[in-house]
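Survey of secondary and tertiary structure
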Amino acid sequence: MKATVLRALFMWLVLFIILQPIFTYIDYLLDLQVKANTSYLTQKAATEGMVTAGMRSEVVSNLKALGFSDSSIEITSSSETVQEREKRLDVYVKAPRISMFPYNFSGGTQPSYYYGHGSIMSEYLD
């Protein structure tokens, strides 16, 4: 009986050691997607002078397709009004980190959000 329990425990440990790099890579890819969508949103907002509702919904649907819930995604910008040409425009995207690790071996705390920040000069022309 003891040998069976130890064998099962050992198999779970080996399985976790094998899968842990894959979990880490998925976590990295999710972070990269939040940053890529932030950059995309920032580039689109430059021509409009602000982040529009259509742009927000497009990024939310992109991130929702990756498994984030749409109500938990926060998109903010430095201004809710149109920024004239050559004014700075900052865009922030924040999405909750999906916990894939059953145990944190590092002892440190992991961030609880994926975070993206982009800044650009407005290219809005009246």
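What you see as residue numbers is a count from 1 along each chain, following the sequence as written. At least 70 in pLDDT is required for a residue's local features to be given in this predicted model, at least 80 for side-chain atom pairs to be given and counted, and no such filter applies to totals for whole chains, interfaces and linings, which use all residues. Side-chain metrics in this entry use all non-hydrogen atoms of the structure; hydrogen atoms and water are not considered.

**Comments concerning the pairing of strand β2 (residues 88–96)**
Two strands are counted as paired when DSSP detects at least two bridges linking them. Helix and strand definitions follow DSSP, with helices as H or I runs of at least four residues and strands as E runs of at least two, each counted in order from the N terminus. In the sheet, strand β1 (residues 74–77) pairs with β2 via 4 bridges, with the strands oriented antiparallel. Counterpart to Ser77 in the pairing with β2 is Val91. In the sheet, β2 pairs with strand β3 (residues 113–121) via 9 bridges, with the strands oriented antiparallel. For Lys94, the partnering residue across the bridge sits in β3 and is Tyr115.

**Here we look at helix α1 (residues 2–48)**
One turn of the α-helix equals 3.6 residues, which is why residues spaced by three or four share an orientation. Taking 1.5 Å of rise per residue, 47 residues should cover 69 Å, and α1 covers 67 Å from first to last C-alpha, within 8% of that figure. Residue burial is assigned from relative accessible area. The probe radius is 1.4 Å, only protein chains are included, and a residue is buried under 20% of its type maximum, exposed over 50%, and partly exposed in between. Those residues of α1 that fall on the buried side of the exposure criterion are Phe16, Asp27, Leu30, Asp31, Val34, Asn37, Thr38, Leu41, Thr42, Ala45 and Ala46. To estimate the expected span of a helix, subtract one from its residue number and multiply by 1.5 Å.

**Points about the packing of aromatic side chains**
Stacked, edge-to-face and tilted labels apply to pairs of Phe, Tyr and Trp rings (six-membered ring for Trp) whose centres lie within 6.5 Å, assigned for plane angles under 30 degrees, over 60, and everything in between, in that order. Overall, the coordinates contain 3 aromatic pairs when judged by the stated rule. For the ring pair Phe68 and Tyr114, a centre distance of 5.8 Å and an interplane angle of 85° mean the geometry is edge-to-face. In this pair, Phe68 is assigned in the loop between α2 (53–64) and β1 and Tyr114 in strand β3, connecting sequence segments 46 residues apart. The exposure class assigned to Tyr114 is buried, which follows from its relative accessible area of 0%. Counting as a charge over the ring demands two things of the Lys NZ or Arg CZ atom: a distance within 6 Å of the ring centre and an angle within 35 degrees of the ring normal. Sitting over the face of the ring of Tyr113, Lys94 holds its NZ or CZ atom 4.2 Å from the ring centroid.

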